[in-house]
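Coordinates in review
Here is how the chains run, residue by residue.
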Amino acid sequence: MLLKILQILVFNIIFLSTIYLAFKKAKQIYSNIQLGKAMKKDGSTNERIKNVLLIAFGQQKMFQNILPAILHFCIYVAFIITQIELIEIFIDGAIGSHRLLYHTFDDNHIFHFLYVGTISFIEILSVLAFIATIAFLSRRNLLKLPRFTKPELKGWPTKDANLILLFEIYLIACIFSMNIADQAMHIQEHGEGYGFLISGMIAPALSHLSYTLLHVWERIGWWGHIIGVFGFMLYLPHSKHLHILLAFPNTYFAKLTPKGQLSNLEAVTKEIKIMMNPDTAFAAPTEADATPVKFGAKDVFDLNQKHLLDAYTCTECGRCTSACPANQTGKKLSPRKIMMDTRDRLEEVGKNIQANGGQFVDDQKSLLSYITVEELRACTTCNACVQECPVLINPLDIIMELRRHLILEESNSPEEWNGMFSNIENNSAPWQFSQQDRLKWEEN
Amino acid sequence: MEKIKTVAEMAANGETPEILFWVGCAGSFDARAIKITRAFTKILQHLNINFAVLGKEEGCTGDPAKRAGNEFAYQMAAHTNIEILNAYEIKKIVTTCPHCFNILKNEYPELGGQYEVVHHATYLQELIDAGKIKIQGGGSFKGKRITFHDSCYLGRANDIYEAPREVLAILDAELVEMKKSKKNGMCCGAGGAQMFKEDEPGDARINAVRTEQALEVNPDIIAAACPFCMTMLSDGVTAKDKQKEVRVFDLAELIAHGQGLDSIL
């Protein structure tokens, strides 16, 4: 009895502190994203919901490549369905019951059938998820797939990826320990197990063990699993794994206009209108004109909230980078690195703000301390990275904002581009041809 | 080729063309792209389509400036072009350049330039569907292998994948797809203003890699629908010293040849 009360106490303390810490971190991520400029939403809400259903829920874009898609889908479905079992585990932990849902409806055969069916289904999915996890681990560590061995993954990102996979194996092992030992106990008490499909096959072989041993085993499995779940909740916001949650808002907020369409900088449009209008061109500047306008992005504050959400959503799978023509030809640019750098810088800025009582204190750094000019210059704006992303992240948009800053704010441009710009400005063609000769092609 | 009418000349007679043929800078000045411009013009003239060009009044759309990051140069160019297009009350634009197509169609409207913009791949496909372009006996392409290289600004940027393939289909040639095509097609290396500067350090040139992918399917002809892809792929083929066996042509050139308006083979 004392042990039971102790367990309830420990569970609730861990549970509440986890919720508190996870909520605090979530709030921090939310306010970090709020540091970006407001995003423009185009298209209809229906279209956005359709994207969430097809691309986030249905994982439509993963299925470009069938084998990894199926493996990933196993883990995904196992994760979702396990949440049902988790509800009972939470209730059991909070009030000290044992398989509360099963015992609440002790005499209801239909309910028992559903319960056993659900747990059996979860067990099947867990085995599939286990196989998928092993495949993913070997793909990273034995097969060394090119996209998993790029320089930006050196160090922590590789550890992060492996850690998550090992974590999944740990959780699966715990849940099976729990179910197997629990059923072996059930056999000793009632002559038969609950009837769970996979653990039910193994349990009879262990039913000869002492009840105490089985009970301890079951408790280790139960506690190991729930502590693992709490650990996962706390680890998640620090890892690349946030896509399991953020894929949903990210697909919702993704742009619906053609991929080729870049935004027009409104600040530039305004300036040109003033310049072109003889009434305003020479007028004295008004109060409103005095606020300095920034063109493009130098730091995370200059990006919009979708860019920042993109950065947190990225799970560093590297499909973008393997499709990038610049990366394929040995250039420094990697769209994945753009996303990782954006997130790293955003986290750094967030911590800076926290440490300085809600005010950002200039740290002599910017996003451009992470991303080099050479990387930005290598982009062909071909949209291959955008096309590839299974969760509708747009690395090209960030690249373009940074490019705009380089040119418009720093006049940092290769000589050849300067020539091209002045040709466009002076003779309306990127090359040095006279506009007067634009019909010469007619003459052959 | 008959004399080309300019929009200004038509306006002087109180006329507006049904279609403005937006030639683009490459189409106006690049020696190779001029052949595409001429081939497309011959098709339009042959079909008696009421079209005109802006001629000396046409200016760069600003695409390379914008993609390089120079929004100012782009919007200045756009502003000038939109004033001219609106002054002539242009309704429909056809262009042989996917970069011009993309920016006119997607980025000009917000700045006050709203037109129906069609790329010539789609336009040719519409003419074929309407039965206006017919090729007797498939032209002289029988037995030739053609592979189509998707331009990023036509394909991924605007989801146009089928129109160019349907145009090629009437040539009665054998169409072969590269390993990477349509949505997964690889860039030729020219976009994003790369055309106008040296490559960043790396271990290969993008156009060389893309050309290798095209050559893998043993084509007689690599078909393109973009003057910049044309330059990149032609250079790639020449660098491999395959220019005698493998030719790079634009859709318009292939159709003009098939109709006996041009001779390219």
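What you see is a predicted model; the values in this text were computed from it and never measured. (Residues numbered from 1 in each chain as written. Chains lettered and ligands numbered in written order. Predicted model: local features only at pLDDT ≥ 70, side-chain atom pairs only at ≥ 80, totals over all residues. Heavy atoms only, no water.)

**Describing the overall build of chain A**
- Each helix and strand counted, chain A has 20 helices and zero strands in total.
- The dimensions of chain A, computed from C-alpha atoms along their principal axes, are 95 × 55 × 40 Å.
- Counting all 444 residues of chain A, 50% fall into the buried class. (Helix = DSSP H or I, 4+ residues; strand = E, 2+ residues; numbered from the N terminus. Buried < 20%, exposed > 50% of the residue type's maximum accessible area, 1.4 Å probe, protein only.)

**So, the state of the cysteines**
Residue and element names in this part refer to chain B.
- Evaluated as defined, the whole model comprises zero disulfides over all chains.
- Of all cysteine sulfurs, the one in Cys-97 lies closest to Cys-100, which takes part in no disulfide; the gap is 3.8 Å.
- On the basis of relative accessible area, Cys-100 is assigned to the buried category, the value being 6%. (Disulfide = S-S within 2.5 Å.)

**A word on the environment of Glu212(B)**
- Position of Glu212(B) among the secondary structure elements: in helix α9 (residues 206-215).
- Along the backbone, Glu212(B) and Gly131(B) are 81 residues apart, and their C-alpha atoms lie at a distance of 36 Å.

**Let's talk about helix α2 (residues 45-57) of chain A**
Residues and elements named next belong to chain A.
- Every buried residue belonging to α2 is among Arg-48, Asn-51, Val-52, Ile-55 and Ala-56, and all of these are buried. Mapping the buried residues of α2 onto a view down its axis gives an arc of 110 degrees, with all of them on the same face. Exposed side chains of α2 directed beyond 90 degrees from the buried face belong to Asn-46, Lys-50 and Leu-53.
- Against α3 (66-95) and α9 (243-253) lie the buried residues of α2.
- Positive phi appears at Gln-59, one or two residues downstream of α2, with a value of about 55 degrees. (Arc of directions from axis to C-beta. Contact = heavy atoms within 4.5 Å.)

**Focus on the interface of chain A and chain B**
- Residue-level contacts link 60 residues of chain A with 74 residues of chain B.
- Taking both partners together, chain A and chain B bury about 5,700 Å²; carbon and sulfur atoms supply 61% of that area.
- By the criterion of area lost to chain B, the three top residues of chain A are Asn264(A), Arg438(A) and Trp441(A), representing 15% of everything that side buries.
- At the boundary of chain A and chain B, one finds three salt bridges. (Buried area = accessible area lost by both parts, 1.4 Å probe. Salt bridge = Lys/Arg side-chain N within 4 Å of Asp/Glu carboxyl O.)

**Some words on the domain arrangement of chain A**
All names here are of chain A.
- According to the domain assignment, chain A contains domain 1 (2-253) and domain 2 (266-429).
- Taking only C-alpha atoms, the centre of domain 1 and the centre of domain 2 are 38 Å apart.
- Taking both sides of the interface into account, the surface hidden between domain 1 and domain 2 amounts to around 3,400 Å²; carbon and sulfur atoms contribute 53%.
- For the pair domain 1 and domain 2, the number of links is three salt bridges. (Domains from an automatic or database assignment.)

**Considerations on the packing of aromatic side chains**
All names here are of chain A.
- Under the criterion given, the structure shown has 29 aromatic pairs over all chains.
- Following the ring pairs from residue to residue traces out a cluster consisting of Phe-11, Phe-15, Phe-90, Trp-222, Trp-223 and Phe-230.
- In this structure, Arg-99 packs its charged tip against the face of Tyr-194, placed 5.1 Å from the ring centre.
- A cation sits over an aromatic face here: Arg-140 above Phe-148, 4.0 Å from the ring centre. (Phe/Tyr/Trp six-rings, centres within 6.5 Å; stacked < 30°, edge-to-face > 60°. Lys NZ or Arg CZ within 6 Å of the ring centre and 35° of its normal.)

**So, the pattern of salt bridges**
- Evaluated as defined, the whole model comprises 35 salt bridges over all chains.
- In this structure, the salt-bridge partner of Glu218(A) is Arg219(A), at a minimum N-O distance of 2.9 Å. Just as Glu218(A) is buried, Arg219(A) falls in that class too.
- The residue Glu9(B) makes a salt bridge to Lys3(B) at a minimum N-O spacing of 3.9 Å.

**Considering the pairing of strand β4 (residues 116-119) of chain B**
Residues and elements named next belong to chain B.
- Relative to β4, strand β3 (residues 92-95) is paired through four bridges, and the arrangement is parallel. The residue bridging Ile-93 from the neighbouring strand is Val-117, located in β4.
- Each parallel crossover has a hand, and the one from β3 via helix α6 (residues 98-107) to β4 is right-handed. (Pairing = 2+ DSSP bridges. Right-handed = clockwise from strand over helix to strand, strands pointing away.)

**Looking at the environment of Glu85(A)**
All names here are of chain A.
- Tracing the sequence through the fold places Glu-85 in helix α3.
- Spatially, the C-alpha atom of Glu-85 lies 33 Å from that of Asn-32, the residues being 53 residues apart in sequence.
- Once residues lying within four places of it in the same chain are set aside, the contact partners of Glu-85 are Arg-99, Ile-119, Ile-122, Ile-175, Met-178 and Asn-179.

**Topic: the packing of α3(A) against helix α8 (residues 211-235) of chain A**
Residue and element names in this part refer to chain A.
- Taken N-terminus to C-terminus, the directions of α3 and α8 make an angle of 115 degrees; their axes are 11 Å apart at the nearest point. Relative to α8, α3 is oriented roughly perpendicular. Considering how the two elements wind past one another, α3 and α8 form a crossing that is left-handed. Across the interface between the two elements, Phe-79, Leu-86, Ile-89, Phe-90, Asp-92 and Gly-93 from α3 touch Trp-222, His-225, Ile-226, Val-229, Phe-230 and Phe-232 from α8.
- Residue classes in the contact of α3 with α8 are distributed as nine nonpolar, two polar and one charged. (Axes fitted to C-alpha atoms, helices over the stretch in contact; angles between N-to-C directions. Parallel < 35°, antiparallel > 145°, perpendicular 65-115°, else oblique. Left-handed = near helix turned anticlockwise from the far one by under 90°. Nonpolar A, V, L, I, M, F, W, Y, C, P; charged D, E, K, R; others polar.)

**Overview of the packing of α2(A) against α9(A)**
Residues and elements named next belong to chain A.
- It is at 8 Å that the axes of α2 and α9 come closest, and there the two elements cross at 140 degrees. If you check the angle between α2 and α9, you find them oblique. Here the hand of the crossing between α2 and α9 comes out right-handed. Packed against α2, whose contacting residues are Thr-45, Arg-48, Ile-49, Asn-51, Val-52, Ile-55, Ala-56 and Phe-57, the element α9 presents Ala-247, Phe-248, Thr-251, Tyr-252 and Phe-253 at the interface.

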